[in-house]
Amino acid sequence: RRRGEMRWVARIKTALEENQFRLHFQSMLALEPPNAVPQSHELLIRLVDGKGDLILPGAFMQAAERYQLMPLIDDWVIEHALRFLGQTLVPDARFAGHRFGINLSAESMRDGRLLDTIQQALRRHQVPATMLYFEITETAAISNLGSAVEFMRGLRELGCHLALDDFGSGMSSFSYLKHLPVDYLKIDGAFIKDIVNNPVDQAIVRAVQAIGQQMGLFTIAEYVETKAILECLRGMGIHYAQGHAIARPMPLEDLPVLLAPVAAAG
């Protein structure tokens with residue numbers, strides 16, 4: 001396993017040096033109120049292999065985390081995402097009000113320079129901070145709560161929005177939530193996949209929705225793979241849905257071409 005990870009380390013370093021990563025996006029659909037055109041999009045990273053095929057992050061992220069490469073990858077995503085937004089989407093009136101999500105690793109959040117990196121990139125590429133939201137996993141946030149809260153408050157002061165990813169995965173999710181300055185709760189997909197048939201999953205998601213509503217937060221359900229799941233979530237009052245029933249990941253550069261009304265299921 002270690003030899004395999006070391007090969008990935010070399011591959012990741014080469015990809016960073018030779019710009020072999022690519023950005024994709026996956027759109028979300030607003031369910032409440034219904035909106036036929038997705039205006040929120042999560043940015044996703046892919047690695048291009050020697051044959052031109054795309055490698056999903058699950059193949060190399062573990063090695064990147066183990067060998068402290070995640071800050072470099074996060075820096076690459078921030079720079080290239082904001083460059084594309086500033087050059088292509090900000091001047092396009094169709095994208096006024098659209099919001100784009102960038103995932104941040106726990107290691108990057110502990111890096112004191114990250115907030116400054118984001119601020120400089122926003123200025124350099126002339127991207128409004130309100131056009132961005134940053135996704136931070138619940139595990140990353142609570143692993144070092146004090147520094148995470150300070151970092152998240154800094155992002156809020158810049159004007160960015162925040163999403164707490166994989167919410168519900170921890171044993172004390174609700175107690176920690178009171179301390180985290182977030183705008184969105186992204187419900188752990190483990191509770192979504194079988195929600196149509198599992199009353200316990202339904203009860204958990206209803207609880208998250210109720211707490212989020214009480215706190216003035218928006219809820220996002222990921223792994224929405226079927227129309228039945230979508231309609232179940234709609235009935236619960238979940239605000240946004242993300243998954244293959246809504247849209248599949250696509251290259252970011254295709255977004256201006258693909259922007260067209262997307263009919264909500266049902």
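Residues numbered from 1 in each chain as written. Predicted model: local features only at pLDDT ≥ 70, side-chain atom pairs only at ≥ 80, totals over all residues. Heavy atoms only, no water.

*Asks:* Outline a nonpolar patch on the surface, listing residues and values.
*Replies:* There is a patch of nonpolar side chains on the surface, built from Phe 174, Ile 211 and Met 215 and spanning about 240 Å² of accessible area. Within the element layout of this structure, Met 215 appears in helix 9 (residues 199-215). Note on Met 215: relative accessible area 37%, which makes it partly exposed. (Patch = residues over 30% accessible without salt bridge, like charges linked within 9 Å, V, L, I, M, F, W, Y side chains within 5 Å. Areas by Shrake-Rupley, 256 points an atom, 1.4 Å probe, with all protein chains shown as cover. Salt bridge = Lys/Arg side-chain N within 4 Å of Asp/Glu carboxyl O. Helix = DSSP H or I, 4+ residues; strand = E, 2+ residues; numbered from the N terminus. Buried < 20%, exposed > 50% of the residue type's maximum accessible area, 1.4 Å probe, protein only.)

*Asks:* Kindly report on the confidence of the model for the chain, identifying the contributing residues and their values.
*Replies:* Of the residues in the chain, 94% have a pLDDT of 70 or more, and the chain-wide mean is 91. Predicted confidence for residues 261-266 stays below pLDDT 50, and this span has 15 contacts to residues more than four positions away or in other chains. (pLDDT = per-residue confidence, 0-100. Contact = heavy atoms within 4.5 Å.)

*Asks:* I'd like to hear about the environment of Ser 173, residue by residue, with values.
*Replies:* As for its placement among the helices and strands, Ser 173 is situated in helix 8 (residues 173-177). Residues Ser 173 and Arg 2, 171 residues apart in the sequence, show an inter-C-alpha distance of 33 Å. With sequence-adjacent residues up to four places away left out, Ser 173 is seen in contact with Glu 138, Phe 167 and Gly 168.

*Asks:* Which residues make up unusual backbone geometry, and what values go with them?
*Replies:* Notably, Asn 19 is not glycine yet its phi reads approximately 60°, a positive angle. With respect to the element layout, Asn 19 can be found in the loop between helix 1 (2-18) and strand 1 (21-30). By relative accessible area, which is 37% here, Asn 19 ends up partly exposed. Phi angles above zero are rare outside glycine, and Gln 126 is one such case at about 55°. As for its position among the elements, Gln 126 is in the loop between helix 5 (114-125) and strand 5 (132-137).

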